[in-house]
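Read off the chains here:
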Number of protein chains: 2
Amino acid sequence: MDNLDKLIRDIPDFPKKGIIFKDITPLLKDPQGFMSAVDQISDYFKDKEIDMVVGAEARGFIFGPPVAFKLNAGFVPIRKPGKLPYDTEEISYELEYGTDTLQIHKDAISKGQNVLMIDDLLATGGTMSACCKLVESLGGNVAGCAYLIELCFLNGKELLNKYDCFSVIKY
Amino acid sequence: MDNLDKLIRDIPDFPKKGIIFKDITPLLKDPQGFMSAVDQISDYFKDKEIDMVVGAEARGFIFGPPVAFKLNAGFVPIRKPGKLPYDTEEISYELEYGTDTLQIHKDAISKGQNVLMIDDLLATGGTMSACCKLVESLGGNVAGCAYLIELCFLNGKELLNKYDCFSVIKY
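Residues numbered from 1 in each chain as written. Chains lettered and ligands numbered in written order. Predicted model: local features only at pLDDT ≥ 70, side-chain atom pairs only at ≥ 80, totals over all residues. Heavy atoms only, no water.

Engineer: Sorry, what's going on with the sheet that holds strand β9 (residues 165-170) of chain A here?
Structural biologist: Remark on secondary structure: sheet strands pair via backbone hydrogen bonds, oriented parallel or antiparallel. Residue and element names in this part refer to chain A. Across the sheet, which stays open at both edges, the 5 strands sit in the order β4-β3-β7-β8-β9 with parallel pairing between neighbours. The strands lining the two open edges of the sheet, one partner per strand, are β4 (74-78) and β9. Averaged over all neighbouring strand pairs, the angle between strand axes comes to 20°, with direction disregarded. Bridge count between strand β3 (residues 52-56) and β4: 5 bridges; the pairing is parallel. Its bridge partner being in β4, methionine 52 is matched across the sheet by glycine 74. (Pairing = 2+ DSSP bridges. Helix = DSSP H or I, 4+ residues; strand = E, 2+ residues; numbered from the N terminus. Axes fitted to C-alpha atoms, helices over the stretch in contact; angles between N-to-C directions.)

In C-alpha coordinates form, the structure reads like this:
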(Lines give C-alpha, C1' and ligand atoms only; values in the text may rest on other atoms or scores of the structure.)
Protein backbone atom coordinates (compact mmCIF):
# COMPACT_ATOMS: atom_id res chain seq x y z
CA MET A 1 0.00 0.00 0.00
CA ASP A 2 1.44 3.36 -1.08
CA ASN A 3 0.72 6.80 0.31
CA LEU A 4 0.65 5.68 3.93
CA ASP A 5 1.37 9.30 4.82
CA LYS A 6 -2.29 10.05 4.00
CA LEU A 7 -3.14 8.04 7.15
CA ILE A 8 -1.02 10.30 9.38
CA ARG A 9 -2.88 13.28 10.87
CA ASP A 10 -1.16 16.57 11.66
CA ILE A 11 -2.20 18.06 15.01
CA PRO A 12 -0.94 21.65 15.35
CA ASP A 13 0.30 22.87 18.75
CA PHE A 14 0.36 19.46 20.45
CA PRO A 15 1.70 18.72 23.02
CA LYS A 16 2.75 22.38 23.08
CA LYS A 17 2.52 25.52 20.94
CA GLY A 18 4.60 25.45 17.77
CA ILE A 19 4.86 21.67 17.51
CA ILE A 20 2.99 19.81 14.77
CA PHE A 21 2.28 16.38 16.22
CA LYS A 22 2.14 13.39 13.88
CA ASP A 23 -0.93 11.41 14.96
CA ILE A 24 -0.54 7.77 13.89
CA THR A 25 -3.95 6.57 15.14
CA PRO A 26 -5.70 6.88 11.71
CA LEU A 27 -3.07 4.50 10.29
CA LEU A 28 -3.38 2.07 13.23
CA LYS A 29 -7.14 1.76 12.80
CA ASP A 30 -6.84 1.12 9.05
CA PRO A 31 -6.21 -2.64 8.67
CA GLN A 32 -4.54 -2.30 5.25
CA GLY A 33 -2.39 0.64 6.32
CA PHE A 34 -1.35 -1.00 9.57
CA MET A 35 -0.56 -4.30 7.84
CA SER A 36 1.42 -2.55 5.11
CA ALA A 37 3.59 -0.71 7.65
CA VAL A 38 4.31 -3.94 9.57
CA ASP A 39 5.06 -5.78 6.31
CA GLN A 40 7.42 -3.08 5.02
CA ILE A 41 9.49 -3.12 8.22
CA SER A 42 9.53 -6.93 8.39
CA ASP A 43 10.46 -7.28 4.71
CA TYR A 44 13.37 -4.84 5.01
CA PHE A 45 14.95 -6.86 7.85
CA LYS A 46 13.84 -10.38 6.87
CA ASP A 47 17.34 -11.61 5.91
CA LYS A 48 19.05 -10.22 9.03
CA GLU A 49 18.26 -13.26 11.20
CA ILE A 50 16.59 -11.14 13.86
CA ASP A 51 16.35 -12.93 17.23
CA MET A 52 14.71 -10.16 19.25
CA VAL A 53 12.67 -7.06 18.50
CA VAL A 54 13.02 -4.32 21.13
CA GLY A 55 10.59 -1.43 21.70
CA ALA A 56 10.39 1.27 24.36
CA GLU A 57 7.25 2.14 26.30
CA ALA A 58 4.65 3.10 25.28
CA ARG A 59 4.43 3.62 21.52
CA GLY A 60 7.37 1.32 20.75
CA PHE A 61 5.09 -1.44 22.07
CA ILE A 62 2.68 -0.91 19.15
CA PHE A 63 4.85 -1.82 16.16
CA GLY A 64 7.43 -4.02 17.91
CA PRO A 65 5.23 -7.04 18.70
CA PRO A 66 3.59 -7.49 15.24
CA VAL A 67 7.00 -7.17 13.55
CA ALA A 68 8.41 -9.73 16.02
CA PHE A 69 5.46 -12.01 15.22
CA LYS A 70 6.11 -11.68 11.47
CA LEU A 71 9.89 -12.27 11.83
CA ASN A 72 9.39 -15.20 14.21
CA ALA A 73 11.43 -13.32 16.83
CA GLY A 74 10.84 -12.56 20.50
CA PHE A 75 9.80 -9.15 21.85
CA VAL A 76 11.66 -7.27 24.60
CA PRO A 77 10.14 -4.21 26.30
CA ILE A 78 12.23 -1.26 27.48
CA ARG A 79 10.40 0.56 30.25
CA LYS A 80 10.45 3.55 32.56
CA PRO A 81 11.95 2.99 36.02
CA GLY A 82 9.96 0.85 38.45
CA LYS A 83 7.93 -1.00 35.82
CA LEU A 84 10.12 -4.06 35.10
CA PRO A 85 9.98 -6.50 38.02
CA TYR A 86 13.27 -8.43 37.62
CA ASP A 87 16.98 -7.38 37.63
CA THR A 88 17.46 -4.44 35.29
CA GLU A 89 20.17 -2.54 33.44
CA GLU A 90 19.43 1.17 33.13
CA ILE A 91 20.53 4.24 31.22
CA SER A 92 19.93 7.95 31.75
CA TYR A 93 20.08 10.36 28.83
CA GLU A 94 19.54 14.04 28.19
CA LEU A 95 16.34 15.52 26.86
CA GLU A 96 15.75 19.10 25.73
CA TYR A 97 14.95 19.90 29.36
CA GLY A 98 16.27 17.53 32.04
CA THR A 99 17.03 13.82 31.78
CA ASP A 100 15.12 10.59 31.32
CA THR A 101 15.89 7.03 32.44
CA LEU A 102 15.02 3.72 30.78
CA GLN A 103 15.43 0.12 31.93
CA ILE A 104 15.74 -3.32 30.37
CA HIS A 105 15.76 -6.73 32.04
CA LYS A 106 19.32 -8.05 32.33
CA ASP A 107 18.25 -11.47 31.05
CA ALA A 108 16.26 -10.05 28.12
CA ILE A 109 18.98 -10.51 25.52
CA SER A 110 21.77 -13.07 25.20
CA LYS A 111 25.26 -12.25 23.97
CA GLY A 112 25.46 -12.12 20.18
CA GLN A 113 21.74 -12.10 19.50
CA ASN A 114 20.63 -9.98 16.54
CA VAL A 115 18.29 -7.24 17.70
CA LEU A 116 15.92 -5.02 15.72
CA MET A 117 15.00 -1.77 17.48
CA ILE A 118 11.57 -0.28 16.76
CA ASP A 119 9.83 2.98 17.54
CA ASP A 120 6.97 4.88 15.98
CA LEU A 121 8.89 8.10 15.37
CA LEU A 122 12.50 9.16 14.80
CA ALA A 123 12.98 12.78 15.87
CA THR A 124 16.37 13.75 17.35
CA GLY A 125 17.30 10.10 17.99
CA GLY A 126 18.11 10.54 21.67
CA THR A 127 15.76 7.89 22.97
CA MET A 128 16.69 5.35 20.27
CA SER A 129 20.39 5.94 20.85
CA ALA A 130 19.94 5.25 24.59
CA CYS A 131 17.94 2.10 23.82
CA CYS A 132 20.71 0.82 21.50
CA LYS A 133 23.28 1.35 24.25
CA LEU A 134 21.12 -0.64 26.68
CA VAL A 135 20.93 -3.56 24.24
CA GLU A 136 24.68 -3.40 23.57
CA SER A 137 25.44 -3.35 27.30
CA LEU A 138 23.83 -6.81 27.42
CA GLY A 139 25.98 -8.06 24.52
CA GLY A 140 23.26 -7.76 21.88
CA ASN A 141 24.08 -6.88 18.27
CA VAL A 142 21.91 -4.02 17.01
CA ALA A 143 21.08 -5.27 13.52
CA GLY A 144 18.94 -2.26 12.69
CA CYS A 145 16.53 0.47 13.74
CA ALA A 146 13.03 0.82 12.26
CA TYR A 147 10.46 3.59 12.51
CA LEU A 148 7.03 4.21 11.17
CA ILE A 149 7.90 7.92 10.72
CA GLU A 150 11.17 9.79 10.33
CA LEU A 151 11.34 13.56 10.72
CA CYS A 152 14.36 13.98 8.42
CA PHE A 153 14.81 17.71 9.14
CA LEU A 154 15.78 16.86 12.74
CA ASN A 155 18.75 14.75 11.57
CA GLY A 156 18.17 12.00 14.12
CA LYS A 157 19.82 9.55 11.75
CA GLU A 158 23.21 11.19 12.33
CA LEU A 159 23.24 10.02 15.95
CA LEU A 160 22.46 6.51 14.70
CA ASN A 161 24.61 6.42 11.56
CA LYS A 162 26.41 3.23 12.54
CA TYR A 163 23.13 1.31 12.36
CA ASP A 164 21.01 0.18 9.42
CA CYS A 165 17.95 2.45 9.68
CA PHE A 166 14.63 2.07 7.89
CA SER A 167 11.60 4.38 7.99
CA VAL A 168 8.22 3.68 6.41
CA ILE A 169 7.23 7.36 6.06
CA LYS A 170 9.65 10.28 5.76
CA TYR A 171 8.97 14.00 6.25
CA MET B 1 2.43 -24.93 22.32
CA ASP B 2 1.21 -26.17 25.71
CA ASN B 3 2.43 -25.22 29.16
CA LEU B 4 2.80 -21.53 28.39
CA ASP B 5 2.56 -20.96 32.14
CA LYS B 6 6.15 -22.21 32.39
CA LEU B 7 7.15 -18.99 30.60
CA ILE B 8 5.53 -16.79 33.27
CA ARG B 9 7.84 -15.81 36.13
CA ASP B 10 6.57 -15.19 39.67
CA ILE B 11 8.14 -12.13 41.32
CA PRO B 12 7.31 -12.04 45.05
CA ASP B 13 6.58 -8.67 46.71
CA PHE B 14 6.36 -6.63 43.48
CA PRO B 15 5.28 -3.87 43.16
CA LYS B 16 4.62 -4.08 46.90
CA LYS B 17 4.91 -6.53 49.78
CA GLY B 18 2.49 -9.45 49.68
CA ILE B 19 1.81 -9.30 45.93
CA ILE B 20 3.15 -12.03 43.62
CA PHE B 21 3.67 -10.30 40.27
CA LYS B 22 3.23 -12.34 37.09
CA ASP B 23 6.19 -11.37 34.87
CA ILE B 24 5.32 -12.02 31.22
CA THR B 25 8.71 -11.02 29.76
CA PRO B 26 10.07 -14.61 29.57
CA LEU B 27 7.07 -15.50 27.38
CA LEU B 28 7.46 -12.39 25.20
CA LYS B 29 11.09 -13.16 24.43
CA ASP B 30 10.30 -16.77 23.50
CA PRO B 31 9.24 -16.69 19.82
CA GLN B 32 7.24 -19.93 20.02
CA GLY B 33 5.57 -18.96 23.28
CA PHE B 34 4.72 -15.47 22.07
CA MET B 35 3.39 -16.76 18.74
CA SER B 36 1.32 -19.44 20.45
CA ALA B 37 -0.35 -16.89 22.74
CA VAL B 38 -1.18 -14.58 19.80
CA ASP B 39 -2.48 -17.54 17.78
CA GLN B 40 -4.68 -18.85 20.59
CA ILE B 41 -6.37 -15.47 21.08
CA SER B 42 -6.78 -14.91 17.32
CA ASP B 43 -8.16 -18.41 16.75
CA TYR B 44 -10.74 -18.06 19.51
CA PHE B 45 -12.19 -14.89 17.96
CA LYS B 46 -11.57 -15.60 14.27
CA ASP B 47 -15.25 -16.08 13.37
CA LYS B 48 -16.46 -12.95 15.21
CA GLU B 49 -15.73 -10.58 12.31
CA ILE B 50 -13.57 -8.33 14.46
CA ASP B 51 -13.13 -4.84 12.98
CA MET B 52 -10.99 -3.30 15.70
CA VAL B 53 -8.74 -4.56 18.47
CA VAL B 54 -8.48 -2.21 21.47
CA GLY B 55 -5.73 -2.20 24.10
CA ALA B 56 -4.95 0.13 26.99
CA GLU B 57 -1.54 1.64 27.67
CA ALA B 58 0.99 0.27 28.24
CA ARG B 59 0.83 -3.53 28.37
CA GLY B 60 -2.39 -3.76 26.36
CA PHE B 61 -0.28 -2.41 23.49
CA ILE B 62 1.83 -5.60 23.47
CA PHE B 63 -0.76 -8.24 22.54
CA GLY B 64 -3.32 -6.01 20.83
CA PRO B 65 -1.37 -5.13 17.66
CA PRO B 66 -0.19 -8.67 16.72
CA VAL B 67 -3.72 -10.04 17.26
CA ALA B 68 -5.10 -7.18 15.11
CA PHE B 69 -2.51 -8.04 12.46
CA LYS B 70 -3.53 -11.71 12.51
CA LEU B 71 -7.29 -10.92 12.40
CA ASN B 72 -6.84 -8.31 9.66
CA ALA B 73 -8.35 -5.71 11.98
CA GLY B 74 -7.26 -2.21 13.01
CA PHE B 75 -5.75 -1.34 16.38
CA VAL B 76 -7.06 1.38 18.70
CA PRO B 77 -5.07 2.59 21.71
CA ILE B 78 -6.70 3.68 24.97
CA ARG B 79 -4.38 6.03 26.81
CA LYS B 80 -3.87 8.02 29.97
CA PRO B 81 -5.00 11.68 29.91
CA GLY B 82 -2.96 14.08 27.78
CA LYS B 83 -1.46 11.46 25.48
CA LEU B 84 -4.03 11.28 22.66
CA PRO B 85 -3.81 14.41 20.49
CA TYR B 86 -7.31 14.55 18.93
CA ASP B 87 -10.87 14.83 20.37
CA THR B 88 -11.31 12.26 23.13
CA GLU B 89 -13.99 10.53 25.15
CA GLU B 90 -12.91 9.75 28.72
CA ILE B 91 -13.90 7.68 31.72
CA SER B 92 -12.86 7.75 35.35
CA TYR B 93 -13.09 4.63 37.50
CA GLU B 94 -12.27 3.58 41.02
CA LEU B 95 -9.09 1.80 42.02
CA GLU B 96 -8.25 0.23 45.37
CA TYR B 97 -6.97 3.67 46.40
CA GLY B 98 -8.23 6.69 44.43
CA THR B 99 -9.38 6.88 40.83
CA ASP B 100 -7.90 6.56 37.37
CA THR B 101 -8.89 8.12 34.05
CA LEU B 102 -8.58 6.72 30.51
CA GLN B 103 -9.22 8.28 27.11
CA ILE B 104 -10.05 7.10 23.59
CA HIS B 105 -10.23 9.11 20.37
CA LYS B 106 -13.85 9.91 19.51
CA ASP B 107 -13.28 8.87 15.88
CA ALA B 108 -11.52 5.61 16.81
CA ILE B 109 -14.54 3.37 16.41
CA SER B 110 -17.60 3.61 14.17
CA LYS B 111 -21.10 2.67 15.28
CA GLY B 112 -21.72 -1.07 15.08
CA GLN B 113 -18.11 -2.13 14.61
CA ASN B 114 -17.13 -5.39 16.32
CA VAL B 115 -14.41 -4.77 18.86
CA LEU B 116 -12.07 -7.19 20.61
CA MET B 117 -10.62 -5.88 23.88
CA ILE B 118 -7.14 -7.10 24.89
CA ASP B 119 -5.01 -6.84 28.01
CA ASP B 120 -2.17 -8.88 29.40
CA LEU B 121 -3.81 -9.62 32.76
CA LEU B 122 -7.34 -9.92 34.17
CA ALA B 123 -7.31 -9.18 37.90
CA THR B 124 -10.40 -7.46 39.37
CA GLY B 125 -11.60 -6.36 35.92
CA GLY B 126 -11.96 -2.67 36.81
CA THR B 127 -9.75 -1.36 34.01
CA MET B 128 -11.23 -3.66 31.36
CA SER B 129 -14.78 -2.78 32.41
CA ALA B 130 -13.97 0.94 32.03
CA CYS B 131 -12.41 0.30 28.60
CA CYS B 132 -15.53 -1.59 27.44
CA LYS B 133 -17.71 1.34 28.52
CA LEU B 134 -15.51 3.74 26.53
CA VAL B 135 -15.90 1.61 23.40
CA GLU B 136 -19.66 1.31 23.91
CA SER B 137 -19.97 5.07 24.40
CA LEU B 138 -18.73 5.38 20.80
CA GLY B 139 -21.31 2.86 19.55
CA GLY B 140 -18.89 -0.07 19.29
CA ASN B 141 -20.03 -3.64 19.93
CA VAL B 142 -17.73 -5.40 22.40
CA ALA B 143 -17.44 -8.81 20.75
CA GLY B 144 -15.10 -10.17 23.41
CA CYS B 145 -12.31 -9.65 25.92
CA ALA B 146 -8.99 -11.50 25.74
CA TYR B 147 -6.14 -11.81 28.21
CA LEU B 148 -2.84 -13.55 28.33
CA ILE B 149 -3.36 -14.30 32.04
CA GLU B 150 -6.46 -14.54 34.22
CA LEU B 151 -6.21 -14.53 38.02
CA CYS B 152 -9.40 -16.54 38.54
CA PHE B 153 -9.39 -16.18 42.35
CA LEU B 154 -10.03 -12.41 41.96
CA ASN B 155 -13.32 -13.06 40.11
CA GLY B 156 -12.74 -10.30 37.55
CA LYS B 157 -14.90 -12.22 35.09
CA GLU B 158 -18.00 -11.45 37.17
CA LEU B 159 -17.74 -7.75 36.34
CA LEU B 160 -17.45 -8.71 32.65
CA ASN B 161 -19.94 -11.58 32.53
CA LYS B 162 -21.93 -10.10 29.65
CA TYR B 163 -18.92 -10.42 27.37
CA ASP B 164 -17.28 -13.44 25.76
CA CYS B 165 -13.98 -13.70 27.69
CA PHE B 166 -10.95 -15.80 26.76
CA SER B 167 -7.70 -16.24 28.70
CA VAL B 168 -4.62 -18.09 27.49
CA ILE B 169 -3.31 -18.93 30.99
CA LYS B 170 -5.44 -19.27 34.13
CA TYR B 171 -4.33 -19.25 37.77
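Now, onward.
Engineer: What's the story with the packing of helix α3 (residues 60-71) of chain A against helix α3 (residues 60-71) of chain B in this structure? I'm lost.
Structural biologist: How two helices sit against one another is set out by the angle between their axes and by the gap between those axes. Where α3(A) contacts α3(B), the axes come no closer than 7 Å and their chain directions differ by 50°. In terms of orientation, α3(A) lies oblique with respect to α3(B). In this structure, the crossing between α3(A) and α3(B) has a hand that is right-handed. Packed against α3(A), whose contacting residues are Phe61(A), Ile62(A), Pro65(A), Pro66(A), Phe69(A) and Lys70(A), the element α3(B) presents Phe61(B), Ile62(B), Pro65(B), Pro66(B), Phe69(B) and Lys70(B) at the interface. Its residues placed into classes, the contact of α3(A) with α3(B) shows 10 nonpolar, no polar and 2 charged. (Parallel < 35°, antiparallel > 145°, perpendicular 65-115°, else oblique. Left-handed = near helix turned anticlockwise from the far one by under 90°. Contact = heavy atoms within 4.5 Å. Nonpolar A, V, L, I, M, F, W, Y, C, P; charged D, E, K, R; others polar.)

Engineer: Can you help me understand the interface of chain B and chain A in this one?
Structural biologist: The partner chain A presents 40 residues to the 40 residues of chain B that form the contact. Of the roughly 3,400 Å² buried where chain B meets chain A, counting both sides, 67% is carbon and sulfur surface. Looking only at chain B, the three residues that lose the most surface to chain A are Lys29(B), Phe69(B) and Pro85(B), adding up to 22% of its buried area. Joining chain B to chain A, the criterion identifies 2 salt bridges. Between Asp107(A) and Arg9(B) there is a salt bridge, with its nearest N and O atoms 2.7 Å apart. Our enumeration of links across chain B and chain A arrives at 8 residue pairs in polar contact (both at pLDDT 80 or more). Only β1 (9-12), β2 (20-23), α1 (25-28), α2 (31-44), α3 and β4 (74-78) of chain B provide two or more residues apiece to the side of chain B that touches chain A. (Buried area = accessible area lost by both parts, 1.4 Å probe. Salt bridge = Lys/Arg side-chain N within 4 Å of Asp/Glu carboxyl O. Polar contact = N/O pair within 3.5 Å; in protein donor to acceptor, adjacent residues only side chain to side chain.)

Engineer: When you look at the relation of the copies chain B and chain A in this model, what are you seeing that I'm missing?
Structural biologist: Both copies of the chain are related by one operation, a rotation about an axis with a shift along it. Rotating chain B by 180° about the axis while translating it 0.0 Å along that axis superimposes it on chain A, leaving an RMSD of 0.0 Å. In short, the pair behaves as if placed about a two-fold rotation axis. Within chain B, Pro66(B) has its C-alpha nearest the rotation axis, a separation of 2.1 Å. Most of the interface of chain B is mirrored in chain A: 100% of its interface residues are interface residues there too. (Least-squares fit on C-alpha atoms with pLDDT ≥ 70 in both.)

Engineer: Would you mind going over the pairing of strand β1 (residues 9-12) of chain A with me for this structure?
Structural biologist: Each regular strand carries side chains that alternate between the two faces of the sheet. Residue and element names in this part refer to chain A. Where burial is concerned, the two faces of β1 differ: the one with Arg9 and Ile11 is buried and the one with Asp10 and Pro12 is not. Looking at chain direction, β1 and strand β2 (residues 20-23) are connected through 4 bridges and run antiparallel. Looking at the pairing, isoleucine 11 lines up with phenylalanine 21 of β2. (Buried < 20%, exposed > 50% of the residue type's maximum accessible area, 1.4 Å probe, protein only.)

Engineer: Before we go on, may I ask you to explain the pattern of salt bridges in this structure?
Structural biologist: Close approach of charged atoms lets side chains of opposite charge pair. The full count for this structure, using the stated rule, is 16 salt bridges over all chains. Salt-bridge contacts for Lys70(A) lead to Asp39(A); the nearest nitrogen and oxygen are separated by 2.8 Å. Here Lys70(A) is found in helix α3, whereas its partner Asp39(A) is found in helix α2 (residues 31-44), with 31 residues between them in sequence. Where Arg9(B) meets Asp23(B), a salt bridge forms, and the shortest distance between an N and an O atom there is 2.9 Å. With Arg9(B) in strand β1 and Asp23(B) in strand β2, this residue pair connects regions lying 14 residues apart in the sequence. Here the salt bridges do not stand alone but share partners, grouping Arg9(A), Asp23(A) and Asp107(B) into one network.

Engineer: What is the right way to look at α2(A) in this model?
Structural biologist: Helical periodicity: at 3.6 residues per turn, an α-helix aligns residues three or four positions apart in one direction. Residues and elements named next belong to chain A. The end-to-end C-alpha distance of α2 is 20 Å, a good match for the 20 Å that 14 residues give at a rise of 1.5 Å each. Among all positions of α2, only Pro31, Gly33, Phe34, Ser36, Ala37, Val38, Ile41 and Ser42 are buried. Where α2 starts, the residue carrying a side-chain oxygen 3.1 Å from the main-chain nitrogen of glutamine 32 turns out to be aspartate 30. (Expected span 1.5 Å × (residues − 1).)

Engineer: What exactly am I supposed to notice about the nonpolar core here?
Structural biologist: In terms of nonpolar packing, the biggest core is built from 66 residues, with Phe63(A), Leu116(A), Leu148(A), Phe63(B), Leu116(B) and Leu148(B) touching the most fellow members. Apart from the residues within four sequence positions on either side, Leu116(B) is in contact with Ile41(B), Phe45(B), Ile50(B), Met52(B), Val53(B), Val54(B), Val67(B), Leu71(B), Gly144(B), Cys145(B) and Ala146(B). (Core = buried A, V, L, I, M, F, W, Y, C linked by side-chain atoms within 4.5 Å.)

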